[in-house]
Amino acid sequence: MGSSDMDQKASYEDASREPGEVVSTISSSMNPLQPPDTSSEEPFTTYFDSKIPIPEDEKQSCFSFRKLWAFTGPGFLMSIAYLDPGNIESDLQSGAVAGFKLLWVLMLATLIGLLLQRLAARLGVVTGLHLAEVCNRQYQKVPRIVLWLMVELAIIGSDMQEVIGSAIAINLLSMGKIPLWGGVLITIADTFVFLFLDKYGLRKLEAFFGFLITIMALTFGYEYITVRPNQEKLLKGLFVPYCQDCGTPQLEQAVGIVGAVIMPHNMYLHSALVKSRQVNRANKREVREANKYFFIESCIALFVSFIINIFVVTVFAEAFFEKNNADVNTVCINASSPHSSLFPNNNQTLEVDIYKGGVVLGCYFGPAALYIWAIGILAAGQSSTMTGTYSGQFAMEGFLNLRWSRFARVLLTRSIAITPTLFVAIFQDVEHLTGMNDFLNVLMSLQLPFALIPVLTFTSLPSVMNDFANGLFWRIAGGLLILLICSINMYFVVDYVMSLNHMALYIGAAVLSVIYLSFVAYLSWLCLIALGASFLACGTTHHLGLAACPELFLLNSVDTDTLVAR
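Residues numbered from 1 in each chain as written. Predicted model: local features only at pLDDT ≥ 70, side-chain atom pairs only at ≥ 80, totals over all residues. Heavy atoms only, no water.

## Topic: the packing of aromatic side chains
Going by this rule: For Phe, Tyr and Trp, rings pair up if their centres lie within 6.5 Å, where Trp contributes its six-membered ring, and each pair is then called stacked (planes under 30 degrees apart), edge-to-face (over 60) or tilted (otherwise). Strands here are runs of E lasting at least two residues and helices are runs of H or I lasting at least four, both read from the DSSP assignment and numbered beginning at the N terminus. Throughout this description, buried means an accessible area under 20% of the type-specific maximum (1.4 Å probe, protein chains only), exposed means over 50%, and partly exposed covers the range between.
Here the structure, examined in full by the defined rule, presents 19 aromatic pairs. Seen from their ring centres, Phe-320 and Tyr-364 are 5.1 Å apart, and the 80 degrees between their planes marks the pair as edge-to-face. Placement of the pair is Phe-320 in helix 13 (residues 284–320) and Tyr-364 in helix 15 (residues 354–365), with a sequence separation of 44 residues. Taking the relative accessible area as the measure of exposure, Phe-320 reaches 1% and is therefore buried. Owing to a relative accessible area of 25%, Tyr-364 belongs among the partly exposed residues under this scheme. With centroids separated by 5.5 Å and ring planes inclined at 85 degrees, the aromatic side chains of Phe-450 and Tyr-516 adopt a geometry described as edge-to-face. Of this pair, Phe-450 sits in helix 19 (residues 449–459) while Tyr-516 sits in helix 22 (residues 503–530), and the two are 66 residues apart along the sequence.

Put into structure tokens, the structure is as follows:
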């Protein structure tokens, strides 16, 4: 163990001894309700073998580019979730269905995502623990296991889209010679190889992700320059919140944008990635500085991802909005495209996905546009598959407190996510995956409360965050944002279930909804208490608050005197 790690350990163990100077982490007081955990030990390092040092720059007291560069990395890895194949497909469908009219929704969803990522990053910086580890220490066994299962479902759903997206890109680049299942196997193999890049240094791994983001920017930027969207419509769509002549399809697409942008497992990922920097949590100034630079870096990273998303939306808005199948069929036949049969010769509105989107670009703008599109999708799928694997490792290690070897952890998390994807690839052809993507989007939308509610709960607890707990503004704003996002996604889920048109499915959905909403209500109840509504704690205003309610699954490490006072 290096000297920096010893310093981290010392600051963790001495947290309770110097209340004036030290930022404490999770309460170490033992409790009959507390899960088995040796609080005297240093928190188990889930992934990173070394931490990147932060340079001292005495000349620049307010801002230093050297320090910003040292903190740069986690935010860009986090931003890849905003550029995965699921997001790209949502972008192109938004452009094809609503033109430029929903760009403001994309911008608003990205801003909301930034604010939520801020909470996740602060949790990791202040406590030295990521979200799954905090859940493991703060929740009892039943909710902890349920949360882990929900996060794994979200990761599996996201991973299926990402791996399938990579496989589609490989299919397009090989002119159909490599089938979908072959592309999945290739993606699995190269993901294992790339995941071990950090053995050569964490900065090299982050540089590789930066390279993949650059590829996406260049490829989708090429499509943007080739199509040359109307700039006036672009600016109007961004800054004028309107949707003239919009109907149900456009509303559903707007809801889909929010669901695609804000990913539940990304909260767990970001709170873990910030642990890769060497921050002395015994020093409030360093913690405050780390929070500042991580937020600046997240702003830059999400701005880059937002620009790339704009490229995709506007390309399809300019070229394919209000096009029908007959229009595309004619162009593809004239271009001697082998894929013209994908578009029947009728007047139905054009429906596109990642695969058909590349084909349509090839028909209208030449083979180069198709292959460059495929390269961009491959970069998106490959990078997001890798970060999805990290999310799976952090979640499993944090919730279950696993201390396995590195290879065993990667193998298990990959197997859980990849197995269903391989089955889909074997039994489904590349041209008919839209229905599966709709289902996966619904699945991930259902998991959002299980990431957003815990992160708001714990960042609002003084016993967890000490002096860095959310203030009144962030509590109210965070609560309203989470309520808005969850409501939007519930609309999306209900709309999807109603479209199934089968009574047995309705009954099954109703039963599952009761169980699901009960657990969400339970987490929301605990969250409201953490936000300051102490009167909800067993219907009493007793100063013991949560400690007076041993049936609660949330551990009574909460400083309820502080909560009542606040």
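## What to know about the pattern of salt bridges
To be explicit about the condition: Think of a salt bridge as a Lys or Arg side-chain nitrogen and an Asp or Glu carboxyl oxygen that are within 4 Å of each other.
Within the structure shown, the criterion is met by 6 salt bridges. Across the salt bridge formed by Glu-289 and Lys-67, the nearest N and O atoms sit 2.7 Å from each other. Of this pair, Glu-289 sits in helix 13 while Lys-67 sits in helix 2 (residues 65–71), and the two are 222 residues apart along the sequence. Note on Glu-289: relative accessible area 14%, which makes it buried. The shortest N-O distance in the salt bridge between Arg-277 and Glu-206 comes to 2.8 Å. Of the two residues, Arg-277 is situated in the loop between helix 12 (264–273) and helix 13 and Glu-206 in helix 9 (residues 202–227); the sequence distance between them amounts to 71 residues. Grouping residues by exposure puts Arg-277 and Glu-206 together as buried. Salt bridges linked by common partners bring Lys-67, Arg-285 and Glu-289 together as one network.

## Focus: the nonpolar core
In globular proteins that are soluble, nonpolar side chains generally tend to be buried together. What counts, and what does not: What is meant by a nonpolar core is a set of buried Ala, Val, Leu, Ile, Met, Phe, Trp, Tyr and Cys residues, joined one to another through side-chain atoms within 4.5 Å.
Among the nonpolar cores identified, the biggest contains 155 residues, and Leu-116, Phe-220, Trp-373, Phe-399 and Phe-458 are the most heavily contacted of them. At 17 residues, the largest contribution of residues to this core is made by helix 13. Ranked by size, the runner-up nonpolar core spans 5 residues in total, among them Val-255, Val-442, Phe-492 and Val-497.

## Section: unusual backbone geometry
Leaving glycine out, the prevailing phi sign among residues is negative, and the prevailing peptide bond configuration is trans. In this model, Ser-336 sits at a positive phi of 60 degrees, which is unusual for a non-glycine residue. Relative to the helices and strands, Ser-336 is located in the loop between helix 14 (325–334) and helix 15. Not every positive phi belongs to a glycine, and Asn-466 is a case in point at roughly 55 degrees. Of the residues examined, Asn-466 reaches a relative accessible area of 23% and is grouped as partly exposed.

## Structural notes on the packing of helix 12 against helix 16 (residues 367–400)
Going by this rule: Inter-axis angles, ranging from 0 to 180 degrees, are taken between N-to-C directions of lines fitted to C-alpha atoms, where helices are fitted over the stretch in contact. Put simply, angles under 35 degrees are roughly parallel, angles over 145 are roughly antiparallel, angles from 65 to 115 are roughly perpendicular, and the rest are oblique. Should any heavy atoms of two residues lie within 4.5 Å, those residues are counted as being in contact. Each residue is assigned to one of three groups, with Ala, Val, Leu, Ile, Met, Phe, Trp, Tyr, Cys and Pro labelled nonpolar, Asp, Glu, Lys and Arg labelled charged, and all others, Gly among them, labelled polar.
At their nearest, the axes of helix 12 and helix 16 sit 9 Å apart, and the two run at 80 degrees to each other. Relative to helix 16, helix 12 is oriented roughly perpendicular. The residues of helix 16 that touch helix 12, namely those facing His-265, Tyr-268, Leu-269, Ala-272 and Leu-273, are Thr-387, Tyr-390, Ser-391, Phe-394 and Phe-399. Here the residues of the contact of helix 12 with helix 16 sort into 7 nonpolar, 3 polar and no charged.

## Some remarks on helix 21 (residues 472–498)
Given 3.6 residues per turn, any residue in an α-helix points the same way as the ones three and four places further on. Note the cut-off: Here a helix's expected span is defined as the number of its residues, less one, multiplied by 1.5 Å.
The end-to-end C-alpha distance of helix 21, which contains 27 residues, comes to 39 Å, matching closely the 39 Å that a straight helix rising 1.5 Å per residue would cover. Taken residue by residue, helix 21 has Arg-475, Ala-477, Gly-478, Leu-481, Ile-482, Ile-485, Cys-486, Asn-489, Phe-492, Val-493 and Val-497 as its buried positions.

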